[in-house]
Amino acid sequence: MIIAMKETASQSDIEYVIARAHSLGLETHVSRKKNQTLVGLMGNLAAFDPTALAGLRGVGEVIALERPFRLASRSFQLERTIIPIGDLQVGGDQVIVMAGPCAVENRDQLMDSAWIVKEAGGHMLRGGAFKPRTSPYSFQGLGEEGLRILAEARKETGLPIVTEVMSPEQVPLVCRYADVLQLGTRNMQNYALLHAVGESGAPVLLKRGMMSNVQELLMSAEYILSHGNPNVMLCERGIRTFETVTRNTLDINAVPVLREMTHLPVIVDPSHATGKASLVKAASKAAVAADADGLIIEVHPDPENALSDGYQSLNQEQFTELMGDVERIAAAVDRRVLGARLGTAQAEPS
């Protein structure tokens, strides 16, 4: 439920409405819509009588939200959320490219990957230190050692770090090293973890569950937002369908649908959506054309010998070519990709 204040409402009017809402056992969230102040109400609204606040000075109207997600809704916040990460802004007019290996295997592999991303014009380095795998016998990641290697790569290249967190207990540890906390497809509805990353305040990349619909994704985002963390990015990474030619099915419809339904940035993962390196470029271009705010792509210096997801990872030449293509598509839809090299790499780092 939203209290839409009159444009003539004073600051004391707004503060009084907030105080009255708190006295009724409700929590509040304040935002602006053009020249109007909106006071979002959260809590047990089942027995709430809107007339309790409707007649207060400065109140324009009380609006009941039709959607179950409130804070994530564009009805609650019209302007797009822009998330600052270092010098970057996710959700603005720039398309952000996050790239790197599925898993941190060792220092040399990660450093090579980081420089591939940097030289091609990528903006953030992804890499898993903790890996949730389908098989218990698959490589599970290096743990804190992997986080230390990621932090070293950030120091050398300047690239912010995106890495996965798998449990509430890991959140403080990963926050010490990473710039963005990734919640994988299997943890989209891990509610204890959603609470923990919400309380952390750190930027979160929330991946859509492989068998979850768009509303369920937004409800998971609502958990994070309701715990005081506004820095949530939504990630479409493909869903499981009857199709077996690709690893998953990229729901490209989800990009414009989410842009209509929520103010949160939308990222696309073409690597997991397709599961094939040969398809990643085409899926990436489609995502940018659909107005995604960014991409997260798997890149490895030697995909054939990768310990995880090598078959969907791009090598240096493929990623550099992709960055040039993405820049051209972004320009066609009035977006930009700062740092892209249009198919040519920078000189080697000194």
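Above this text you will find the structure in question.
As the structure is a prediction and not an experimental result, all values here were calculated from the model. (Residues numbered from 1 in each chain as written. Predicted model: local features only at pLDDT ≥ 70, side-chain atom pairs only at ≥ 80, totals over all residues. Heavy atoms only, no water.)

### What to know about the packing of helix H3 (residues 107-120) against helix H4 (residues 144-157)
In the contact formed by H3 and H4, the axes pass within 10 Å of each other and the chain directions differ by 35°. Judged by the sense of rotation from one axis to the other, the crossing of H3 with H4 is right-handed. Seen from H3, the contacting residues are Arg 107, Leu 110, Met 111, Ala 114, Trp 115 and Lys 118; seen from H4, they are Ile 149, Leu 150, Glu 152, Ala 153, Glu 156 and Thr 157. (Axes fitted to C-alpha atoms, helices over the stretch in contact; angles between N-to-C directions. Helix = DSSP H or I, 4+ residues; strand = E, 2+ residues; numbered from the N terminus. Left-handed = near helix turned anticlockwise from the far one by under 90°. Contact = heavy atoms within 4.5 Å.)

### Some points on the pattern of salt bridges
Using the criterion set out here, one finds 20 salt bridges in the structure. Notably, a salt bridge pairs Glu 298 with Arg 126, separated by 3.7 Å at the nearest N-O pair. Residue Glu 298 is located in strand S14 (residues 294-298), and its partner Arg 126 is located in strand S8 (residues 124-126); the two are separated by 172 residues in the primary sequence. Residue Glu 298 shares its accessibility class with Arg 126, and that shared class is buried. The residue Arg 208 makes a salt bridge to Asp 251 at a minimum N-O spacing of 2.9 Å. Taken as a pair, Arg 208 in the loop between strand S11 (204-207) and helix H7 (214-226) and Asp 251 in the loop between strand S12 (232-236) and helix H8 (254-261) lie far apart in primary sequence, 43 residues in all. (Salt bridge = Lys/Arg side-chain N within 4 Å of Asp/Glu carboxyl O. Buried < 20%, exposed > 50% of the residue type's maximum accessible area, 1.4 Å probe, protein only.)

### Considering the sheet that holds strand S13 (residues 266-268)
The strands making up a sheet associate through backbone hydrogen bonding, with each pair oriented either parallel or antiparallel. With respect to topology, eight strands assemble into a closed barrel ordered S7-S8-S9-S10-S11-S12-S13-S14, the strand pairing being parallel. Across the sheet, the axes of successive neighbouring strands diverge by a mean angle of 25°, strand direction being ignored. Relative to S8, strand S7 (residues 96-100) is paired through two bridges, and the arrangement is parallel. The residue of S8 that forms the bridge with Met 98 is Met 124. Running at roughly 145° to S8, H3 makes contact with S7 and S8 of the sheet. (Pairing = 2+ DSSP bridges.)

### Things to note about the environment of Asp 251
Given a relative accessible area of 17%, Asp 251 falls into the buried group. A sequence separation of 12 residues divides Asp 251 from Ile 239, and the C-alpha atoms of the two residues are 7.0 Å apart. In contact with Asp 251, not counting residues within four places along its chain, are Arg 208, Glu 236 and Ile 239.

### Examining the environment of Ala 153
Along the polypeptide, Ala 153 turns up in helix H4. The exposure class assigned to Ala 153 is buried, which follows from its relative accessible area of 0%. C-alpha of Ala 153 to C-alpha of Leu 125: the two residues are 28 residues apart in sequence and 8.5 Å apart in space. For Ala 153, the contacting residues outside a window of four places in its chain are Leu 110, Met 111, Ala 114, Leu 125 and Gly 158.

### Brief notes about the pairing of strand S3 (residues 36-42)
Counting buried residues along S3, six of its seven residues qualify, which places the element largely inside the surrounding structure. Bridge analysis of strand S1 (residues 2-5) against S3 gives three bridges, and the strand direction is antiparallel. Across the sheet, the residue bridging to Ile 2 is Gly 40, located in S3.

### Some details on the state of the cysteines
This structure, assessed with the given rule, holds zero disulfides. Distance from the sulfur of Cys 175, which forms no disulfide, to the nearest cysteine sulfur (Cys 235) is 19 Å. Looking at Cys 235, the relative accessible area reads 0%, which means it is buried. (Disulfide = S-S within 2.5 Å.)

### Quick look at H7
Between its first and last C-alpha atoms H7 spans 18 Å; for 13 residues at 1.5 Å apiece the expected length is 18 Å, and the two agree. Within the span of H7, buried status applies to Val 214, Leu 217, Leu 218, Ser 220, Ala 221, Glu 222, Ile 224 and Leu 225. Against the buried residues of H7 lie helix H6 (191-200), S11, S12 and H8. Between the side-chain oxygen of the N-cap and the backbone nitrogen of Gln 215 there are 3.2 Å, and the N-cap of H7 in question is Asn 213. Gly 228 occupies a position one or two residues after H7 and carries a positive phi of about 95°. (Expected span 1.5 Å × (residues − 1). Polar contact = N/O pair within 3.5 Å; in protein donor to acceptor, adjacent residues only side chain to side chain.)

### Here's the deal with the packing of aromatic side chains
Under the criterion given, the structure shown has one aromatic pair. Look at Tyr 191 and Tyr 223: their rings are 4.7 Å apart centre to centre, the planes differ by 40°, and that puts the pair in the tilted class. Placement of the pair is Tyr 191 in helix H6 and Tyr 223 in helix H7, with a sequence separation of 32 residues. A relative accessible area of 35% means that Tyr 191 is categorised as partly exposed. Exposure remark for Tyr 223: the relative accessible area of 32% places this residue in the partly exposed category. (Phe/Tyr/Trp six-rings, centres within 6.5 Å; stacked < 30°, edge-to-face > 60°.)

### Remarks on the side chain of Arg 237
Take Arg 237: it is sitting in the loop between S12 and H8. Notably, Arg 237 is buried but unbridged: the nearest opposite-charge side chain belongs to Asp 269, and the N-O separation is 5.5 Å. (Lys, Arg positive; Asp, Glu negative; His and termini not counted.)

### Topic: the pairing of S11
With burial as the criterion, each face of S11 is covered, one bearing Val 204 and Leu 206 and the other bearing Leu 205 and Lys 207. In this structure, strand S10 (residues 180-183) lies alongside S11, joined through three bridges in parallel fashion. In the sheet register, Leu 181 faces S11, and the bridge partner there is Val 204. As paired elements, S11 and S12 share four bridges and run parallel to each other. By the bridge assignment for S12, Val 204 is matched with Val 232. Note on the crossover from S11 through H7 to S12: the handedness is right-handed. (Right-handed = clockwise from strand over helix to strand, strands pointing away.)

Geometric values such as these leave the question of function open.
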